Amino acid sequence: ESVRDAYFIGQRRAGPAQEFLAQYQKNLPAPTKGPWISSVRFLTPFAQLVSYSSKQMNYNAQQAVIDHRGQPETVSIEIVIQLTRSYPAMIEQPTGSRSGSPSGFTLRASDFWKAFRAQVKVANKVVEPAAFTGEPNLICGEYDCTLVGATLYMTFPAESLNADSVTVHVSPPEGSEVVTEFATADLR
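Everything quoted here is computed from the prediction, not taken from an experiment.

Trainee: Pulling in residues and values, what's your account of the confidence of the model for the protein?
Mentor: Close inspection of predicted coordinates is inappropriate in any region flagged by low pLDDT. Of all residues in the protein, 99% attain a pLDDT of 70 or more, and the chain-wide mean is 90. Between the elements of the protein, mean pLDDT differs from a low of 79, seen in helix H1 (residues 2-11), to a high of 98, seen in strand S2 (residues 36-43).

Below you can see the structure in the form of structure tokens.
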């Protein structure tokens, strides 16, 4: 029944589906210095089904039930990092090893996200993810692409985050730690 409910919410796409999914995302203010942890999404198994259904064409409730059958229940956490003026895509660095060497610029590595530490806590105890990865976010033009940030992805067995509250901690290599709490008892 829940799979069918999620399917129908998702098929309403732009309006109701996006409004429903908005409660699963926290948008955070930009910092004064360092990279910007701009949003954290906490997607329960139900919210994942709504999101998936909203992106499908020629999809039906019966297929949604078949697709879901036998799949493990997981919670997905997505953390969006944006580069800022104080944490840009171009990094200034000396051109030589001697002090006083002129400065030059180099591109920030596309896997810069690996320097960020993300933890999920339930009752002040760290819960280890089943999977943790990331990818760069790029804006591409006709001839090249520009690094603008990254997205971190964490996946957990649903039962490991079965609590009234879950806290996500993100520690960037520069700037302040970001802590976001989700009242999971209020989420479907």
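What follows picks up the thread again.
Trainee: Explain unusual backbone geometry to me, and be specific about the residues and the numbers.
Mentor: A positive phi angle, near 55°, is found at Asn58, a position not held by glycine. A positive phi angle, close to 50°, is found at Ala123, a residue other than glycine. Summarising the element assignment, Ala123 is placed in the loop between strand S6 (117-122) and strand S7 (125-127). Classification of Ala123 as exposed rests on a relative accessible area of 66%.

Trainee: I'd like to hear about the nonpolar core, residue by residue, with values.
Mentor: Counting 41 residues, the largest nonpolar core has Ile37, Ile77, Ile79 and Leu161 as the members making the most contacts within it. The leading source of residues in this core is strand S9 (residues 145-157), at 5 residues. Beyond its immediate stretch of four places on either side in the chain, Ile37 contacts Leu28, Ile79, Val80, Ile81, Phe116, Val170 and Val178. With 5 residues, the next largest nonpolar core counts Val3, Tyr7, Tyr59 and Ala64 among its residues.

Trainee: Run through the packing of aromatic side chains, naming residues and quoting values.
Mentor: Evaluated as defined, the whole model comprises 7 aromatic pairs. Ring geometry for Tyr87 and Phe116: centres 6.3 Å apart, planes at 85°, overall edge-to-face. You can see Tyr87 sitting in the loop between strand S3 (74-82) and strand S4 (90-94) and its partner Phe116 sitting in the loop between strand S5 (103-107) and S6, a full 29 residues away along the chain. Classification of Phe116 as buried rests on a relative accessible area of 4%. Aromatic pair Phe112 and Phe116: ring centres 5.9 Å apart, planes at 75°, arrangement edge-to-face. Above the face of the Phe182 ring, Lys26 is positioned so that its terminal group lies 5.2 Å from the ring centre. Looking at Arg108, its charged tip hangs above the ring of Tyr87, at a distance of 3.7 Å from the centre.

Trainee: Summarise the side chain of Thr184; cite the residues concerned and give the values.
Mentor: Relative to the helices and strands, Thr184 is located in the segment after strand S11 (178-182). There is a polar contact of 2.2 Å between the side chain of Thr184 and the backbone oxygen of Ala163. Filtering out sequence-adjacent residues up to four positions away, Thr184 remains in contact with Phe42, Ala163, Asp164, Ser165 and Val166.

Trainee: Mind laying out the state of the cysteines, listing which residues take part and the relevant values?
Mentor: Counted under the stated rule, the structure contains 1 disulfide. One disulfide bridge connects Cys140 with Cys145, the sulfur atoms lying 1.9 Å from each other. With the S-S bond torsion at 105°, the cross-link from Cys140 to Cys145 turns out right-handed.

Trainee: So what about the pattern of salt bridges? Which residues, and what values?
Mentor: For the structure on display, the rule yields 2 salt bridges. The residue Glu78 makes a salt bridge to Arg41 at a minimum N-O spacing of 3.4 Å. Highlighted residues: Glu78 in strand S3 and Arg41 in strand S2, separated in sequence by 37 residues. The two residues Glu78 and Arg41 agree in class, both being buried. Salt-bridge contacts for Asp111 lead to Lys114; the nearest nitrogen and oxygen are separated by 3.8 Å. Taking the relative accessible area as the measure of exposure, Asp111 reaches 36% and is therefore partly exposed.

Rules and cut-offs
- Each chain has its residues counted from 1, following the order in which its sequence is written.
- Where totals are concerned, whole chains, interfaces and linings use all residues; where local detail is concerned, this predicted model gives features only for residues with pLDDT of at least 70, and gives and counts side-chain atom pairs only at 80 or more.
- Calculation of side-chain values draws on the structure's entire complement of heavy atoms; hydrogens and water are dropped beforehand.
- Residue-level confidence of the predictor, termed pLDDT, takes values from 0 up to 100.
- Counting from the N terminus, the helices are the DSSP runs of H or I reaching at least four residues and the strands are the DSSP runs of E reaching at least two.
- Burial here depends on accessible area, computed with a 1.4 Å probe over protein chains only, as a share of the maximum for the residue type. Under 20% is buried, over 50% is exposed, and the range in between is partly exposed.
- To form a nonpolar core, buried Ala, Val, Leu, Ile, Met, Phe, Trp, Tyr and Cys residues must be joined to one another through side-chain atoms within 4.5 Å.
- Only heavy atoms enter the contact rule, under which two residues are in contact if any of them lie within 4.5 Å.
- Between rings of Phe, Tyr and Trp, where Trp is taken as its six-membered ring, a pair exists when centres lie within 6.5 Å; planes separated by under 30 degrees are stacked, by over 60 edge-to-face, and by other angles tilted.
- Here, a charge over a ring means that NZ of Lys or CZ of Arg falls within 6 Å of the ring centre while also lying within 35 degrees of the ring normal.
- Each polar contact in these results corresponds to two N or O atoms within 3.5 Å; when the atoms are within protein, one needs to be able to donate a hydrogen and the other to accept it, and residues that are neighboring in sequence are counted only if both atoms are side-chain atoms.
- When two cysteine sulfur atoms are found within 2.5 Å, that pair is recorded as a disulfide.
- What counts as a salt bridge is simple: a side-chain nitrogen of Lys or Arg found within 4 Å of a carboxyl oxygen of Asp or Glu.

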